[in-house]
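# Commentary on secondary and tertiary structure
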Amino acid sequence: MKYHDKGRMLILEGKYEQAIPHLDTAIYIMPYYPTIFQDRGYAKMQLKKYNEAILDFNHVLNKKPYLTEVRLQRGMAYYHVNQLDAAEYDLVEVMNSNPSKSREAIIYLDNIQKERDIAFERNQEKLMELRYRVENERMMRARHREEVIWNTVVPLAFWTTVFLTW
């Protein structure tokens, strides 16, 4: 417990990097205590180690799936690693199960929607660019075809006329 307590104190002081080794030691001694994983996941999130934080949050939620605070933190971590569907799922679960935590979840859900809107606009721009390129290539092939016809038919018509009038 002293390692866990020391790790929590360091987290409260904002010394996340220093807190993680203490929490690692506490986990080594008491691997069955999910709150330590939650605290370590929080510290890792603050250090922007989102994938590692997700692993810790997954461990906690496997043991205690009703912890909405952990689900909220995992949803936020998923958002930061651009796993928008998983983030949305967790955040909606938080909103449905605990309205008092909904304010932060709503902010992240709005951000997810904005990200999706931006991605949709980018896809639309790419689609328009692709259509433009395809139409350009079609026009180039049509011009080439006309050029081949004119370079073949006109001389052929000229020589046919010369031959027939001879």
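Provided above is the structure to which this section pertains.
Below you will find a few notes about this structure.

### Here's the deal with the overall build of the protein
Broken down by element type, the protein carries seven helices and zero strands. Element order for the protein, N to C, with α for helix and β for strand: α-α-α-α-α-α-α. Taken against the 2.2 N^0.38 rule, which gives 15 Å for 166 residues, the C-alpha radius of gyration of the protein at 32 Å runs more than 25% over that of a compact globule. In the protein, which comprises 166 residues, the proportion classed as buried is 31%. The long-range fraction of contacts in the protein, counting pairs at least 24 apart against all pairs at least 6 apart in sequence, stands at 42%. With the model as given, the accessible surface of the protein reaches about 11700 Å², and the carbon-plus-sulfur share is 57%.

### Some thoughts on helix α1 (residues 2-12)
Within the span of α1, buried status applies to H4, G7, L10 and I11. For α1, the angular spread of the buried residues around the axis is 125°, confining them to a single face. Exposed residues on α1 whose side chains face more than 90 degrees from its buried face are K2 and L12. Against α2 (16-29) and α3 (34-46) lie the buried residues of α1. A positive phi of about 85° marks G14, the residue just after α1.

### Things to note about the packing of aromatic side chains
The final tally for this structure, using the stated rule, is three aromatic pairs. Where Y79 meets Y108, the ring centres are 5.3 Å apart and the plane angle is 85°; that geometry is what we call edge-to-face. Taken together, the residues Y79 in helix α5 (residues 68-80) and Y108 in helix α7 (residues 102-165) connect sequence positions 29 residues apart. A single burial state applies to Y79 and to Y108, both of which are buried.

### A few points about unusual backbone geometry
Despite not being glycine, K48 has its phi angle at roughly 65°, a positive value. By the element assignment, K48 lies in the loop between α3 and α4 (50-63). By relative accessible area, K48 is classed as exposed at 60%. Non-glycine residue N82 carries a positive phi angle of around 65°. Take N82: it is sitting in the loop between α5 and α6 (84-97). Look at N82 and you get exposed, because its relative accessible area is 55%.

### Thoughts on a nonpolar patch on the surface
A surface patch of nonpolar side chains, about 340 Å² in accessible area, is lined by M1, Y32 and Y33. On the secondary structure map, Y32 appears in the loop between α2 and α3.

### Here we look at the pattern of salt bridges
Taken as a whole and judged by the stated rule, the model has 13 salt bridges. For R8, the salt bridge identified is with D39, shortest N-O distance 2.9 Å. With R8 in helix α1 and D39 in helix α3, the pair connects residues that are 31 residues apart, well separated along the chain. By relative accessible area, R8 is classed as partly exposed at 39%. Across the pair K49 and E17 runs a salt bridge, and its minimum N-O distance is 3.8 Å. Of this pair, K49 sits in the loop between α3 and α4 while E17 sits in helix α2, placing them 32 residues apart in sequence. On the accessibility criterion, K49 (30% relative accessible area) is partly exposed.

The rules behind the values
Here the residue numbering is sequential within each chain, running from 1 through the sequence in written order. A pLDDT threshold of at least 70 governs which residues receive local features in this predicted model, and a stricter bar of 80 or more applies before side-chain atom pairs are shown or counted, although totals over entire chains, interfaces and linings include all residues. The basis for every side-chain value is the complete set of heavy atoms in the structure, and neither hydrogens nor water enter the calculation. Secondary structure elements are defined from DSSP: runs of H or I of at least 4 residues count as helices, runs of E of at least 2 residues count as strands, and each element is numbered from the N terminus. The atom set for the radius of gyration is the C-alpha atoms, and the globule formula is 2.2 Å times the number of residues raised to the power 0.38. Three exposure classes are used, based on accessible area relative to the maximum for each residue type with a 1.4 Å probe and protein chains only: buried under 20%, partly exposed in between, and exposed over 50%. In what follows, residue pairs with any heavy atoms lying within 4.5 Å of each other are defined as contacts. Only the protein chains shown count as cover for residues, and the accessible areas themselves come from Shrake-Rupley with a 1.4 Å probe. Working definition: the arc comes from the directions between the helix axis and the C-beta atoms, pointing outward to the latter. When the centres of two rings from Phe, Tyr and Trp lie within 6.5 Å, Trp using its six-membered ring, the rings pair. Their planes under 30 degrees apart give stacked, over 60 give edge-to-face, and anything left gives tilted. Patch definition: residues with relative accessible area over 30% and no salt bridge; like charges joined within 9 Å; nonpolar side chains (Val, Leu, Ile, Met, Phe, Trp, Tyr) joined within 5 Å. Should a side-chain nitrogen of Lys or Arg be within 4 Å of a carboxyl oxygen of Asp or Glu, the pair is scored as a salt bridge.

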